[in-house]
4 protein chains.
Amino acid sequence: MTEQPPKRKPGRPKADGKNQTMIQIMRTAAFLFMEHGFEKVSLEGVAQACGVTKASVYYYFNNKAQLFTESVLLVLSVALEQTRRIMEGPGSLQERLLKVAEGHMANAHVDFETMMREASAGLSEEQITRIRNAENALNQLLEDVFRQAIADGEIAPANPLLLAHAYIAVMTVRNRKEIVNDKESLQQAAKDIIQLFWNGLAPRKP
Amino acid sequence: MTEQPPKRKPGRPKADGKNQTMIQIMRTAAFLFMEHGFEKVSLEGVAQACGVTKASVYYYFNNKAQLFTESVLLVLSVALEQTRRIMEGPGSLQERLLKVAEGHMANAHVDFETMMREASAGLSEEQITRIRNAENALNQLLEDVFRQAIADGEIAPANPLLLAHAYIAVMTVRNRKEIVNDKESLQQAAKDIIQLFWNGLAPRKP
Amino acid sequence: MTEQPPKRKPGRPKADGKNQTMIQIMRTAAFLFMEHGFEKVSLEGVAQACGVTKASVYYYFNNKAQLFTESVLLVLSVALEQTRRIMEGPGSLQERLLKVAEGHMANAHVDFETMMREASAGLSEEQITRIRNAENALNQLLEDVFRQAIADGEIAPANPLLLAHAYIAVMTVRNRKEIVNDKESLQQAAKDIIQLFWNGLAPRKP
Amino acid sequence: MTEQPPKRKPGRPKADGKNQTMIQIMRTAAFLFMEHGFEKVSLEGVAQACGVTKASVYYYFNNKAQLFTESVLLVLSVALEQTRRIMEGPGSLQERLLKVAEGHMANAHVDFETMMREASAGLSEEQITRIRNAENALNQLLEDVFRQAIADGEIAPANPLLLAHAYIAVMTVRNRKEIVNDKESLQQAAKDIIQLFWNGLAPRKP
DNA sequence: AATGAATGAGTGTTCATTCAT
DNA sequence: AATGAATGAACACTCATTCAT
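These numbers were taken from a predicted model, which means no experiment stands behind them.

(A) Molecular detail of the overall build of chain A. Regarding its fold elements, chain A presents 10 helices and 0 strands. Counting across all 206 residues of chain A, residues that qualify as buried make up 44%. Partitioning the intrachain contacts of chain A with sequence separation of at least 6 by distance along the chain shows that 66% fall at a separation of at least 24. Carbon and sulfur atoms make up 52% of the accessible area of chain A, which totals about 11500 Å².

See below:
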């Protein structure tokens, strides 16, 4: 009756590493929610798209709202990391904004605000807050970048928070198929938009 | 035997400009669709909000898709007229854009693109086309204005269609409560956004 | 544009008289709830037993709790009327109690308390109150009868409310199949129980 | 190869009186079943209340019906022993009946008949029989006591089985909150009920 | 012109049960 | 001895839609 140092826990050990099924479900769900919105996505649909059963989804998530929350938080954290890496990288501000825009526009998603408005009826206060916080982290990142750029004289002075929001809003223009799909490549669209955002409408005096 | 009892005719049924009930239903439905999106609005809800029965709604509209289509077309036509009046009115381009932005931002609505994306799964090709056409009329109006302004040298040269879309996108920023609600009035927000849109980020050379 | 005195209401008139379908559903539901309890009865089951669809049940009742409440109230009101008629009728108290017991025991039902305990988790406060009130009307009726009988010296003095409850409890004995089903007829069982209730266990002094 | 891994053996699995986990599960389950009834108790709930996993419950019991059966049998055997001890103890019949009633009424449980009715749909014939037998042992005990008391002239002659059932039925009156909770203590209620049961309603001749 | 009645298909959710570890 | 993962069947409830009146 001595102590067993290894102290193995009883029962089946938690699936290797990061639980692949659960992450797969979250990824799929995130994609579908972004593509179709909260209401239109059925858990049955998510399950089938993952090749599992609806009950399996419920094994990992208590309800639709939680699945939505966790999925969205996952992609937000990824997007934040990606954006931060680009922003901390080399290149002029304009170049880096362009890179971010390209990444953002490549991801097929309804703009966030829309999706949240629709979903928020079914989410708890706490869930909304958590998502908003994650979203704000992204805005904060951009805001800081703009603030610094203003201080450096790299761009004209303005409300940095407003700039961040507007920048994101402009990026959603890519959804309009008439513009993007046609002759111009997605990259060209991104370039045009950043250009517009950069120079504004006012004519330059020579 | 020319007169038939009103039995499921396709298309917009006799909008003889008189039928008060029908118009009332369309107005109510439009408001609800804009507020909550396509899926979340139930015909029962529309009916109750109008003080009639669900069956009455079906008396005027063959199905939810048609009700949606007609309702949206109604508000689009109104918006078009309003925008045209402003744009043909007096003032500099910047001033008139500001006026339009104020009107747009005052209407409590999900941005169009979002609503359409959600709804389009349930609409026929023809219905989508009709709505897109009405929407394009609005974009066209703005596009023409921008094109003319470019020709007049009032703004810097750019793709006028892109300008139109981006302009609308920027206007949706108003939804972000953090920006609008706080210290700045809605009018101030509109002004800031137009300003940003106008001047761009690039620093002016003196 | 004169007044039309008949003033017929528009639309299909409410089905003749007392709406047969709705009553049929309530009767069936009441029977099933009494037989199997709240949880075990599915709305699908109720619907099928009525030869209608689940959705039809929902057309008349907002949810399971409401269906339960209305159904139970219906049978309670019938039982109250029936009991009152017997109690106000002719015969000695013992005879009338016997008659009530026979009627009560003929109706296949779980004793009320049991059913309510199970159901009450799913009912609103108001619904519970309404049922309790209807139930109390029955108890009140018996209580009054017992009180009067005590005053008349027809039975020994005791707490009338307790008598009423105990009387109802004793009637539920009939559920025990070993007793009722076997050799003794239901009537004989009722007679025995009332006899026991009447004379008690104590031996009579000659 | 005589020893098999514990793989779904029918009947009560090795209750070697030692396995603490198994007994803990049965106790918890019994309590929950009595408190909430068969359907409303989920195996997940039982497991959590025991601090184990659902799968652990299935390790000891093949299915819900078996868990129910074994748990109920356990408490019935305890109740039988307890009742026998009281009945074989000192005091007049009335006093001992009162003691049993107090013990019975103290245990928070739905009355047996109710629980069984709800559960029996999910139990096998054999399981029902086993429980009924255990229950009957209790009734038999009371029946024998009553029979002896009749023979001794301690109580008036009557069907002893009926007396046993009615006695148990009367004890369930304690559930009615209006009676028990108010001014009278639970003990007083028990006393009143036994008194009523003892003396009956008929007036005593002086 | 407008309505009451009825339905079918789908949605979110629960739960007993199985199986590999 | 005990567990994590996964599933199928059922359930309460909603909603767009139809039809006779």
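(B) Highlighting the protein's contact with DNA strand E. Near DNA strand E you find 37 residues, and of these Ser-56, Tyr-59 and Tyr-60 of chain B together with Ser-56 and Tyr-60 of chain C are the closest. For DNA strand E, the backbone makes up 62% of the atoms found within 4 Å of the protein, where backbone means sugar plus phosphate. In the environment of DNA strand E, a phosphate oxygen lies 2.2 Å from a nitrogen or oxygen atom belonging to the side chain of Ser-56 of chain C. For the surface near DNA strand E, the secondary structure elements donating two or more residues are helix 3 (54–60) of chain A, helix 3 (54–60) of chain B, helix 3 (54–60) of chain C together with helix 3 (54–60) of chain D. When the residues that make up the surface near DNA strand E are grouped by side-chain class, the tally is 17 nonpolar, 13 polar and 7 charged.

(C) Structural view of the packing of aromatic side chains. One pass over the structure, following the stated rule, counts 16 aromatic pairs over all chains. Centre to centre, the rings of Tyr-59 of chain C and Tyr-60 of chain C are 5.0 Å apart; their planes meet at 80°, and the pair counts as edge-to-face. Its relative accessible area of 65% is what places Tyr-59 of chain C among the exposed residues. Residue class for Tyr-60 of chain C comes out partly exposed when judged on its relative accessible area of 22%. One aromatic cluster is present, built from ring pairs that chain together Phe-33, Phe-38 and Phe-68 of chain A. Note that Lys-64 of chain B overlies the ring of Phe-38 of chain B, its terminal NZ or CZ placed 4.7 Å from the centroid.

(D) Geometry of the side chain of Thr-83 of chain D. All names here are of chain D. Along the chain, the position of Thr-83 falls in helix 4 (residues 64–87). Since its relative accessible area comes to 9%, Thr-83 is described here as buried. Sequence-distant contacts of Thr-83, defined by excluding residues within four places in its chain, comprise Val-100, Leu-138 and Leu-141.

(E) Region of the structure containing the packing of helix 4 of chain D against helix 7 (residues 125–151) of chain D. All names here are of chain D. Relative to each other, helix 4 and helix 7 sit at 10°, their axes nearing to 9 Å. Accordingly, the angle class assigned to the pair helix 4 and helix 7 is roughly parallel. Across the contact of helix 4 with helix 7, the residue classes tally to 15 nonpolar, 4 polar and 4 charged.

(F) Focus on the UniProt feature "DNA-binding region" (unreviewed entry) in chain A. Here the UniProt-annotated "DNA-binding region" (unreviewed entry) positions come out as residues 42–61 of chain A. With 75% helix and 0% strand, residues 42–61 of chain A has its two end C-alpha atoms placed 14 Å apart.

(G) Representation of the confidence of the model for chain A in the model. Residue and element names in this part refer to chain A. Residues with a pLDDT of 70 or more make up 74% of chain A, whose mean pLDDT is 80. Confidence drops under a pLDDT of 50 for residues 1–5, and excluding neighbours within four residues, the segment shows 0 contacts in the predicted structure. Note that pLDDT drops below 50 for residues 174–184; the model gives that stretch 23 contacts with residues more than four away or on any other chain.

(H) A look at the side chain of Ser-71 of chain C. The topology assignment puts Ser-71 of chain C in helix 4 (residues 64–88). Each residue touching Ser-71 of chain C, except ones within four places of it in the same chain, is listed here: Met-26, Ala-29 and Ala-30 of chain C.

(I) Quick look at the packing of helix 4 of chain D against helix 6 (residues 112–120) of chain D. Residues and elements named next belong to chain D. In contact at an axis separation of 13 Å, helix 4 and helix 6 are set at 165° when each is read in the N-to-C sense. What the angle tells us is that helix 4 and helix 6 run roughly antiparallel. The two elements helix 4 and helix 6 meet at a crossing, and its hand is left-handed. Residues Phe-68, Val-72 and Leu-76 of helix 4 pack against Phe-112, Met-115, Met-116 and Ala-119 of helix 6.

(J) Spatial organisation of the environment of Ala-47 of chain C. Mapped onto the secondary structure, Ala-47 of chain C falls in helix 2 (residues 43–50). Once residues within four sequence positions are removed from consideration, Ala-47 of chain C is found in contact with Val-52, Thr-53, Lys-54 and Val-57 of chain C.

(K) Region of the structure containing the pattern of salt bridges. Overall, the coordinates contain 27 salt bridges over all chains when judged by the stated rule. In this structure, Arg-84 of chain A engages Glu-81 of chain A in a salt bridge whose closest nitrogen and oxygen atoms are separated by 3.7 Å. Within this pair, Arg-84 of chain A and its partner Glu-81 of chain A are both found in helix 4 (residues 64–87), separated by 3 residues, close to a single helical turn. With a relative accessible area of 40%, Glu-81 of chain A lands in the partly exposed category. We note a salt bridge from Glu-143 of chain C to Arg-147 of chain C, for which the minimum N-O separation is 2.9 Å. Of this pair, Glu-143 of chain C and Arg-147 of chain C both sit in helix 7 (residues 125–151), 4 residues apart, which is roughly one turn of the helix. Its relative accessible area of 12% is what places Glu-143 of chain C among the buried residues. Through salt bridges that share partners, Glu-143, Asp-144 and Arg-147 of chain A make up one connected network.

(L) Here's a closer look at helix 1 (residues 20–36) of chain B. All names here are of chain B. With 17 residues, helix 1 extends 24 Å between its outermost C-alpha atoms, agreeing within 8% with the 24 Å of an ideal straight helix rising 1.5 Å per residue. All buried positions along helix 1 are accounted for by Met-22, Ile-25, Met-26, Thr-28, Ala-29, Ala-30, Leu-32, Phe-33 and Met-34. Where helix 1 is buried, its residues meet helix 2 (43–50), helix 3, helix 4 (64–87) and helix 6 (112–119). N-capping of helix 1 is provided by Asn-19, with a side-chain oxygen placed 3.0 Å from the backbone N of Thr-21. The positive-phi residue at the C-terminal boundary of helix 1 is Gly-37, with phi of around 90°.

What counts and what doesn't
- Residues numbered from 1 in each chain as written.
- Chains lettered and ligands numbered in written order.
- Predicted model: local features only at pLDDT ≥ 70, side-chain atom pairs only at ≥ 80, totals over all residues.
- Heavy atoms only, no water.
- Helix = DSSP H or I, 4+ residues; strand = E, 2+ residues; numbered from the N terminus.
- Buried < 20%, exposed > 50% of the residue type's maximum accessible area, 1.4 Å probe, protein only.
- Contact = heavy atoms within 4.5 Å.
- Areas by Shrake-Rupley, 256 points an atom, 1.4 Å probe, with all protein chains shown as cover.
- Near = heavy atom within 4 Å.
- Polar contact = N/O pair within 3.5 Å; in protein donor to acceptor, adjacent residues only side chain to side chain.
- Nonpolar A, V, L, I, M, F, W, Y, C, P; charged D, E, K, R; others polar.
- Phe/Tyr/Trp six-rings, centres within 6.5 Å; stacked < 30°, edge-to-face > 60°.
- Lys NZ or Arg CZ within 6 Å of the ring centre and 35° of its normal.
- Axes fitted to C-alpha atoms, helices over the stretch in contact; angles between N-to-C directions.
- Parallel < 35°, antiparallel > 145°, perpendicular 65-115°, else oblique.
- UniProt positions renumbered as here; feature names shortened; annotations may be inferred.
- pLDDT = per-residue confidence, 0-100.
- Left-handed = near helix turned anticlockwise from the far one by under 90°.
- Salt bridge = Lys/Arg side-chain N within 4 Å of Asp/Glu carboxyl O.
- Expected span 1.5 Å × (residues − 1).

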